[in-house]
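These are the residues of each chain, in order.
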Amino acid sequence: MFELSQSFSFDAAHTLKRKVSAEEAAGSRRIHGHTYTAEIHVRGERQPDSGMVVDLAVVREVIAGIRNQLDHHFLDEVAGLGAPTLENLCVFIYAQAKKEIPQVSSVAVSRAAGDRCVYRPTN
């Protein structure tokens, strides 16, 4: 069994309604932005004809489409994302990638501040 991954980054703005102290919540409610790094993991056996689990050129092409939906966008307005949390970004990216690449096994999204979320569906 092999696992390949491809990373990409995007810059986006968002707001977030949080249930924390008034001081901390105020900063989240204002429009602010982050540089995100996402990583798509693909898992499977090598295909006999190509010797690859999946052609990384295909993964990069799918990533370009996902990145186009997120990069320099206001995440609050991205259809199908929901609240712009790390968790929802993982699920969104996973769902978009899985449409084209059935071998997608997990997605991780992180921010420069050190926050990171990994989504590994159970099915």
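For the structure itself, consult the block above.
None of the values given here were measured: they were computed from a predicted structure.

### Some remarks on the packing of helix α2 (residues 56–70) against helix α3 (residues 86–100)
1) Next: Running from amino to carboxyl end, α2 crosses α3 at an angle of 140 degrees, the nearest separation of the two axes being 10 Å. One element, α2, and the other, α3, form an angle in the oblique class. Considering how the two elements wind past one another, α2 and α3 form a crossing that is right-handed. Side by side, α2 and α3 meet where Val62, Ile66, Gln69 and Leu70 of the first sit next to Leu89, Phe92, Ile93, Gln96, Ala97 and Glu100 of the second.
2) Next: Here the contact of α2 with α3 is composed, by residue class, of seven nonpolar, two polar and one charged.

### Some words on the pattern of salt bridges
1) Next: Scanning all chains against the criterion turns up three salt bridges.
2) Next: Salt-bridge contacts for aspartate 71 lead to arginine 67; the nearest nitrogen and oxygen are separated by 3.4 Å.
3) Next: Judged by its relative accessible area of 34%, arginine 67 is partly exposed.
4) Next: For aspartate 115, the salt bridge goes to arginine 111, with nearest N and O atoms at 2.5 Å.
5) Next: The class for aspartate 115 is partly exposed, based on a relative accessible area of 29%.

### Notes on the sheet that holds strand β4 (residues 104–111)
Adjacent strands of a sheet form backbone hydrogen bonds with each other and so pair up, either parallel or antiparallel.
1) Next: Spatial ordering of the open sheet is given by β3-β1-β2-β4-β5, a layout of five strands whose pairing is mixed. The open sheet has two free edges, formed respectively by β3 (73–74) and β5 (116–119), since each of these has just one partner strand.
2) Next: As judged from the 13 bridges shared by strand β1 (residues 2–14) and strand β2 (residues 32–44), these two strands associate in the antiparallel manner. By the bridge assignment, phenylalanine 2 is partnered in β2 with glycine 44.
3) Next: Across the sheet, α2 lies against β1, β2 and β3, angled at about 15 degrees from β1, the strand it touches most.
4) Next: Against the sheet, α3 contacts β1, β2, β4 and β5, and its axis sits at roughly 145 degrees relative to β4.

### What to know about the nonpolar core
Across soluble globular proteins, you tend to see nonpolar side chains buried next to one another.
1) Next: One finds Phe10, Ile40, Leu70, Ile93 and Val109 to be the most contacted residues of the largest nonpolar core, which totals 29 residues.
2) Next: At the level of elements, β1, β2, α2, α3 and β4 are the ones that each hand at least two residues to this core.
3) Next: In terms of residue count, α3 provides more of this core than any other element does, seven residues in total.
4) Next: Apart from residues lying up to four places away in sequence, isoleucine 93 is in contact with Phe8, Phe10, Ala38, Ile40, Ile66, Leu70, Val107 and Val109.

### Concerning the packing of aromatic side chains
1) Next: Overall, the coordinates contain three aromatic pairs when judged by the stated rule.
2) Next: With centroids separated by 5.3 Å and ring planes inclined at 85 degrees, the aromatic side chains of tyrosine 94 and tyrosine 119 adopt a geometry described as edge-to-face. Here tyrosine 119 lies in strand β5 and tyrosine 94 lies in helix α3, a separation of 25 residues in the sequence.
3) Next: Using a relative accessible area of 27% as the deciding quantity, one classes tyrosine 119 as partly exposed.

The rules behind each value
- Residues numbered from 1 in each chain as written.
- Predicted model: local features only at pLDDT ≥ 70, side-chain atom pairs only at ≥ 80, totals over all residues.
- Heavy atoms only, no water.
- Axes fitted to C-alpha atoms, helices over the stretch in contact; angles between N-to-C directions.
- Helix = DSSP H or I, 4+ residues; strand = E, 2+ residues; numbered from the N terminus.
- Parallel < 35°, antiparallel > 145°, perpendicular 65-115°, else oblique.
- Left-handed = near helix turned anticlockwise from the far one by under 90°.
- Contact = heavy atoms within 4.5 Å.
- Nonpolar A, V, L, I, M, F, W, Y, C, P; charged D, E, K, R; others polar.
- Salt bridge = Lys/Arg side-chain N within 4 Å of Asp/Glu carboxyl O.
- Buried < 20%, exposed > 50% of the residue type's maximum accessible area, 1.4 Å probe, protein only.
- Pairing = 2+ DSSP bridges.
- Core = buried A, V, L, I, M, F, W, Y, C linked by side-chain atoms within 4.5 Å.
- Phe/Tyr/Trp six-rings, centres within 6.5 Å; stacked < 30°, edge-to-face > 60°.

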